[in-house]
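Reading the structure
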Amino acid sequence: MLPKLERRLRRFAIPNLTLGLIVVQVAAYLFETMQPGGLIRLALIPERVLLGEVWRVVTFLALPPTTNVLFAFFFWYMFFLMGSAVEQAWGALRYNLYLLVGWIATVGAAFFDPAFPATNAFLEGSVFFAFAYLFPDFEFLLFFVLPVKVRYLAILGWVGIGLAVFRGQWLVLASVANFFVFFGRDVFRRARTGGRRMHTQVRELAPAKAEPFHRCTVCGITDQTNPEMEFRYCSKCYGTCGYCSRHLHGHEHVPPPAEPAEAK
């Protein structure tokens, strides 16, 4: 379905959308430095939207991540790095749709519970999870010194979301709704395949079940199935024929195999 949608809507795709979001956030940051307190006019406040300020459902995307210029610059750099990589891997349209689903989920969460702080951090966090899933071995320099693969940072992020859900903050799932829409099937398939592989490996590593030492030639019970049973061997039977105590006496002796006719 998605490939057909991409062919039809490819001409409407907005390339370099990550850079566009960063540009408007930088502009909003500069606006705030010149006119402090102006960012509140851009925030997603459902009650203000219902009063006619509908631009807020879009302008909240322009809110800068912080007022600290160093942290803001670092965030924009990381957001550009991850967003551009995901767009290059997917193409502009699929990346646009990913952000669109995240935007819808964020706005929906804000209106479902106006007290819940649904911000553009939801959208940008979902880009991080998409990047970590597509490029799990990419390394970040933690504190500019310690190399850490992004998969481990993503695991910490998922743990944080899980704890929030455990505490009853279900709306935090809005921050990863687009991730599950785009990756849910693949995650489920990998988990199922991984479970089967683990089961196979455990079965292969498990010690092989030992063969029974005694087996009754008549009824087939063994010293494993009936450990209380006594077994004996008949010297009159051909080969090594064991019998349980119930069939040791009165059984038909096993004759030697007949010689081939040409050997006579």
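One structure accompanies this document, and this report is about it. (Residues numbered from 1 in each chain as written. Predicted model: local features only at pLDDT ≥ 70, side-chain atom pairs only at ≥ 80, totals over all residues. Heavy atoms only, no water.)

**Notes on the packing of helix H2 (residues 17–34) against helix H6 (residues 92–112)**
So the rule is basically this: Structural elements are reduced to axes, namely lines fitted to C-alpha atoms, with helices fitted over the stretch in contact, and the angle between N-to-C directions of any two is expressed from 0 to 180 degrees. Where helices and strands are cited, they refer to DSSP runs of H or I of at least four residues and of E of at least two residues respectively, numbered from the N terminus. The scheme is simple: roughly parallel for angles under 35 degrees, roughly antiparallel for over 145, roughly perpendicular for 65 to 115, oblique for anything else. Two residues form a contact once any of their heavy atoms are found within 4.5 Å. Each residue is assigned to one class: nonpolar for Ala, Val, Leu, Ile, Met, Phe, Trp, Tyr, Cys and Pro, charged for Asp, Glu, Lys and Arg, and polar for all the others, Gly among them.
In contact at an axis separation of 10 Å, H2 and H6 are set at 50° when each is read in the N-to-C sense. As far as their axial angle goes, H6 and H2 are oblique. Side by side, H2 and H6 meet where Leu-17, Thr-18 and Leu-21 of the first sit next to Tyr-95, Asn-96 and Leu-99 of the second. Within the contact of H2 with H6, the residues separate by chemical class into four nonpolar, two polar and no charged.

**Topic: the packing of aromatic side chains**
For the record, the criterion: Only the six-membered ring of Trp is used, alongside the rings of Phe and Tyr, when aromatic pairs are assigned; centres must lie within 6.5 Å, and planes under 30 degrees apart are stacked while those over 60 apart are edge-to-face, with the rest tilted.
Per the counting criterion, the structure on display carries 20 aromatic pairs. Aromatic pair Phe-131 and Phe-138: ring centres 5.3 Å apart, planes at 75°, arrangement edge-to-face. Members of the aromatic cluster, joined through ring pairs, are Trp-90, Tyr-98, Phe-128, Phe-129, Tyr-133, Trp-158, Phe-179, Phe-180, Phe-182 and Phe-183.

**So, the side chain of Asn-226**
As a reminder of what qualifies: To sort residues, take the accessible area from a 1.4 Å probe on protein chains only and compare it with the maximum for the residue type: under 20% means buried, over 50% means exposed, and anything in between is partly exposed.
With respect to the helices and strands, the residue Asn-226 is situated in the loop between helix H9 (177–205) and strand S3 (231–233). With relative accessibility at 19%, the residue Asn-226 sits in the buried group. When residues no more than four places from it in sequence are discounted, the contact partners of Asn-226 are Ile-221 and Phe-231.

**Topic: H2**
As a reminder, the rule being used: Expected helix span is computed as 1.5 Å times (number of residues minus one). Our arc is simply the arc of the directions from the helix axis toward the C-beta atoms.
Helix length check: H2, at 18 residues, gives a terminal C-alpha distance of 26 Å against a target of 26 Å (1.5 Å per residue), a fit within 8%. Of all the residues in H2, the buried ones are Leu-17, Thr-18, Leu-21, Ile-22, Gln-25, Ala-28, Tyr-29 and Glu-32. Relative to the axis of H2, the buried residues are bounded by an arc of 135° and lie together on one face.

**Focus: the pairing of strand S1 (residues 139–142)**
What counts is decided by this rule: Two strands pair if DSSP finds at least two bridges between them.
Pairing of S1 with strand S2 (residues 146–149), which is carried by four bridges, proceeds in the antiparallel orientation. Bridge pairing in S2 links Leu-142 to Leu-146. Turn length for the S1-S2 hairpin, with the two strands adjacent in sequence and antiparallel, is three residues, and the turn residue Phe-143 shows positive phi of about 60°.

**Digging into the nonpolar core**
Short version of the rule: Only buried Ala, Val, Leu, Ile, Met, Phe, Trp, Tyr and Cys residues count toward a nonpolar core, and they belong to the same one when joined by side-chain atoms within 4.5 Å.
The biggest cluster of nonpolar side chains holds 51 residues, and the ones touching the most others in it are Leu-44, Met-82, Tyr-95, Tyr-98, Leu-99, Phe-129 and Phe-131. When near neighbours in sequence (up to four residues on either side) are disregarded, Phe-131 contacts Met-82, Ala-85, Val-86, Phe-138, Phe-140 and Val-150. Counting residues in hydrophobic clusters, the runner-up holds nine residues, among them Cys-216, Ile-221, Cys-237 and Cys-241.

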